[in-house]
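Commentary on secondary and tertiary structure
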Amino acid sequence: MLVTTLCYVPSVHQNVKLYARGITKKFGRRTVLDNVHLAVHAGEITAIVGANGCGKSTMLRICAGLTSPDRGTVQVHGTLGYCPQDGGTVDFLLPDEHFTLIGAGRGLSRRASRAAGRAHARALDWEPGQVQARRLSGGTRQKLNLVMAGIGEPDVLLLDEPYQGFDRGTYLDFWDQLHAWRDRGKAIVVVTHLLAQLDRVDTVLDLSRTTTPWRTGHR
Ligand SMILES: Nc1ncnc2c1ncn2[C@@H]1O[C@H](COP(=O)(O)OP(=O)(O)OP(=O)(O)O)[C@@H](O)[C@H]1O
């Protein structure tokens, strides 16, 4: 999990919180992303979909500032929370200590960080206890990752298949949480393989087929 503020820019269009333009990325001789565009507004959920290896995680990492594109620019208007596909937790820290660590980066007190983390955890039907991250189940570790991404109410949330290992109930809680964030004006990008869920999002970027998002007509 990473929480960072990339750059503050004048918004390119009204309410655009994340604007990635002309993103091109090669690994060796292979072009993984070729002139990809993505604009996500406040109060909008975009799904990035596509076949294994088509560049979904790479696109998200570029948007998070963790990988440099060969060409193109990313503008983030506000603060950003990132939930990686895996990793992101610290083995010997308790959930509360993770919340405090992330909260400190957001300027929150220890108490406020813990309260925010616990409130997000409850929304996923999870009561964090005094258990080190290495002892949590895979699904619970992923809950911890997701909770950390939301601490401090970032304006932009980048979520890379964040529901892996969730049971059905938590999976439904996860979508409720996403919609609650959307209703609070957050711009959300979620990488997903579950095409059946696309009616829950506003725009879709299918990296197997196109370099620009299309609108689902959901709203
Ligand atoms: N750091 C790297 N060095 C070399 N190749 C990389 C690197 N990161 C990713 N790749 C390659 O780039 C391609 C896209 O990887 P990426 O993880 O973005 O795909 P993805 O669409 O998220 O895949 P999946 O659906 O399996 O999660 C893959 O072929 C991968 O092997």
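Criteria and thresholds
Residues numbered from 1 in each chain as written. Predicted model: local features only at pLDDT ≥ 70, side-chain atom pairs only at ≥ 80, totals over all residues. Heavy atoms only, no water. Helix = DSSP H or I, 4+ residues; strand = E, 2+ residues; numbered from the N terminus. Rg over C-alpha atoms; globule rule 2.2 N^0.38 Å. Buried < 20%, exposed > 50% of the residue type's maximum accessible area, 1.4 Å probe, protein only. Axes fitted to C-alpha atoms, helices over the stretch in contact; angles between N-to-C directions. Left-handed = near helix turned anticlockwise from the far one by under 90°. Contact = heavy atoms within 4.5 Å. Parallel < 35°, antiparallel > 145°, perpendicular 65-115°, else oblique. Nonpolar A, V, L, I, M, F, W, Y, C, P; charged D, E, K, R; others polar. Near = heavy atom within 4 Å. Polar contact = N/O pair within 3.5 Å; in protein donor to acceptor, adjacent residues only side chain to side chain. Areas by Shrake-Rupley, 256 points an atom, 1.4 Å probe, with all protein chains shown as cover. Salt bridge = Lys/Arg side-chain N within 4 Å of Asp/Glu carboxyl O.

The name an unreviewed UniProt entry assigns to the protein is ATP-binding cassette domain-containing protein, from the organism Dactylosporangium roseum.

1. A look at the overall build of the protein
Each helix and strand in the protein was counted, giving five helices and ten strands. A compact globule built from 219 residues would reach a C-alpha radius of gyration of about 17 Å, and the protein, at 17 Å, matches this within 12%. Dimensions of the protein along its principal axes, counting C-alpha atoms only, are 45 × 40 × 35 Å. Considering the protein as a whole, with its 219 residues, one finds that 50% of them fall into the buried category.

2. Points about the packing of helix 2 (residues 95–105) against helix 3 (residues 110–123)
Close contact between helix 2 and helix 3 brings their axes to 8 Å; oriented N to C, the two are set at 120°. Pair helix 2 / helix 3 crosses with right-handed handedness. Here Asp96, Phe99, Thr100, Gly103 and Ala104 of helix 2 come into contact with helix 3, specifically with Arg110, Ser113, Arg114, Gly117 and Arg118.

3. Observations concerning the packing of helix 2 against helix 4 (residues 138–150)
As a packed pair, helix 2 and helix 4 sit with axes 9 Å apart at the nearest point and diverge in direction by 25°. Classed by the angle they form, the pair helix 2 and helix 4 counts as roughly parallel. The way helix 2 lies across helix 4 gives a crossing that is right-handed. Along its contact with helix 2, which presents Pro95, His98, Phe99 and Ile102, the element helix 4 presents Leu144, Val147 and Met148. Classifying every residue of the contact of helix 2 with helix 4 by side-chain character gives six nonpolar, one polar and no charged.

4. Comments concerning the site of the ligand
Near the ligand there are 14 residues, and of these Arg30, Gly53, Lys56, Ser57 and Thr58 occur at the shortest range. Contacts to the ligand include Asn52, whose side-chain N or O atom sits 3.0 Å from an oxygen atom. With respect to the ligand, the backbone of Gly53 contributes an N or O atom lying 2.9 Å from an oxygen atom. Protein contact buries 58% of the 640 Å² of open area that the ligand shows by itself. Among the secondary structure elements, those contributing two or more residues to the shell around the ligand are strand 3 (30–41) and helix 1 (56–64). For the shell around the ligand, the element with the most residues is helix 1, which contributes three residues. Tallied by class, residues from the shell around the ligand come to four nonpolar, seven polar and three charged.

5. As for the pattern of salt bridges
Any two side chains of opposite charge can pair, so long as their charged atoms come close to each other. Under the definition given, this model contains five salt bridges. Lys186 serves as the salt-bridge partner of Glu153, at 3.2 Å between the closest nitrogen and oxygen. Remark: Lys186 occurs in the loop between helix 5 (168–183) and strand 8 (187–191) and Glu153 occurs in the loop between helix 4 and strand 7 (156–160); sequence separation between them is 33 residues. Taking relative accessible area as the criterion, Glu153 reaches 34% and is therefore assigned partly exposed. Between Asp202 and Arg182 there is a salt bridge, and its shortest N-O distance comes to 3.0 Å. Here Asp202 is found in the loop between strand 8 and strand 9 (203–206), whereas its partner Arg182 is found in helix 5, with 20 residues between them in sequence. The same class applies to Asp202 as to Arg182, namely buried. Connected via shared salt-bridge partners are Glu153, Arg184 and Lys186.

6. Brief notes about the side chain of Lys143
Within the element layout of this structure, Lys143 appears in helix 4. For Lys143, the side chain forms a polar contact with the main-chain oxygen of Leu124, separated by 3.5 Å. In contact with Lys143, not counting residues within four places along its chain, are Leu124, Asp125, Trp126, Phe166 and Thr170.

7. Quick word on the environment of Val131
Locating Val131 in the fold gives a position in the loop between helix 3 and helix 4. Owing to a relative accessible area of 32%, Val131 belongs among the partly exposed residues under this scheme. Sequence-wise, Val131 and Asp96 are 35 residues apart; in three dimensions their C-alpha atoms are separated by 9.4 Å. For Val131, the residues in contact, after removing those within four places along its chain, are Leu93, Leu94, Pro95 and Leu136.

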